[in-house]
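Results of the structural survey
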Amino acid sequence: MKKVGIFAGSSNAAIPYFQNTVERLADLLAENKYQIVYGAGRVGLMGVLSQRIYEHGGVLIGVVPHYLNRPELVFSHCTELIITKDLHERKETMERLSDAFIVLPGGIGTLDEFFNVLASKQLKYHKKPIYLLNLDNFFGFVSNMMDIMYEHKFIREEQLQLYKCLDTPEEIIEDLEANFSKITS
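One structure accompanies this document, and this report is about it.

Here is what the cut-offs are and how they apply
- Residues numbered from 1 in each chain as written.
- Predicted model: local features only at pLDDT ≥ 70, side-chain atom pairs only at ≥ 80, totals over all residues.
- Heavy atoms only, no water.
- Helix = DSSP H or I, 4+ residues; strand = E, 2+ residues; numbered from the N terminus.
- Buried < 20%, exposed > 50% of the residue type's maximum accessible area, 1.4 Å probe, protein only.
- Salt bridge = Lys/Arg side-chain N within 4 Å of Asp/Glu carboxyl O.
- Pairing = 2+ DSSP bridges.
- Core = buried A, V, L, I, M, F, W, Y, C linked by side-chain atoms within 4.5 Å.
- Contact = heavy atoms within 4.5 Å.

1. Topic: unusual backbone geometry
Unusually for a residue other than glycine, Lys 33 sits at a positive phi of about 60°. Inspection of the secondary structure puts Lys 33 in the loop between helix H1 (15-31) and strand E2 (35-38). With relative accessibility at 57%, the residue Lys 33 sits in the exposed group. Of note, the phi angle at Lys 153 is positive, near 65°, even though the residue is not glycine.

Take a look at the structure:
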């Protein structure tokens, strides 16, 4: 089974800006039978995603540190809920369980999760695809920052290819499907 790690913001205030696109991504993931590995959230964009995947009868594998395992934060319909001792173990578990990663708009925690899997890929701990869903150029600053790091010789040119910044759910699913086709053939 194909498992996609999703990193997404937990702010309810951000939902109006991104809800329709996140729901479209969830629809496509469900149609293509992807299992979702995510932070188990019922709030923010995590909540939008989990509710939509649940409505499709999809598989939701929630991974949450014990101190965040509270009813007001955790989606009650996770297919499987993995409780970790801390945030570090949560990130390790999500990286281990996922075959690819999609990063949705979010805050500090979301960026931390993205850079964690990016650094692991750079160090060749994994070769898993990483996608940024660049809604309204939300992640444009990441590409700019990477270009500046390259310009100042902190990273090499091939490190600019460690992730893809794509604008639509359709582009991500198309590329993801192509990646999985290569792996299974």
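What follows continues from the structure just given.
2. Some words on the pattern of salt bridges
Summed over all chains, the structure comprises eight salt bridges. For Glu 177, the salt bridge is made with Lys 2, and the minimal N-O distance between the two is 3.0 Å. On the criterion of sequence distance, the pair formed by Glu 177 in helix H6 (residues 169-184) and Lys 2 in the segment before strand E1 (3-7) is long-range, its members being 175 residues apart. Of the charged contacts, one joins Glu 158 and Arg 156 as a salt bridge, the two residues approaching to 2.6 Å between their closest N and O atoms. Via salt bridges that share partners, Glu 23, Asp 27 and Arg 52 belong to a single interconnected network.

3. Points about the pairing of strand E5 (residues 100-103)
Every second residue of E5 is oriented toward a common face, with Ala 100 and Ile 102 on one face and Phe 101 and Val 103 on the other, all of them buried. Pairing of E1 with E5, which is carried by four bridges, proceeds in the parallel orientation. Its bridge partner being in E5, Gly 5 is matched across the sheet by Phe 101. Pairing analysis gives three bridges linking E5 to strand E6 (residues 130-133), with the strands arranged parallel. Of the residues in E6, the one forming a bridge with Phe 101 is Ile 130.

4. Quick look at the nonpolar core
The biggest cluster of nonpolar side chains holds 36 residues, and the ones touching the most others in it are Ile 6, Leu 29, Ile 102 and Leu 176. Going through the elements one at a time, E1, H1, E2, helix H2 (44-55), strand E3 (60-65), E5, E6 and H6 are the ones with two or more residues in this core. Broken down by element, the residue count for this core peaks at eight residues, all from H1. The residues contacting Ile 102, other than those within four sequence positions of it, are Val 4, Gly 5, Ile 6, Phe 7, Leu 25, Leu 29, Tyr 131, Ile 172 and Leu 176. The next biggest cluster of nonpolar side chains, apart from the first, holds 21 residues, and it includes Val 63, Phe 101, Phe 139 and Met 146.

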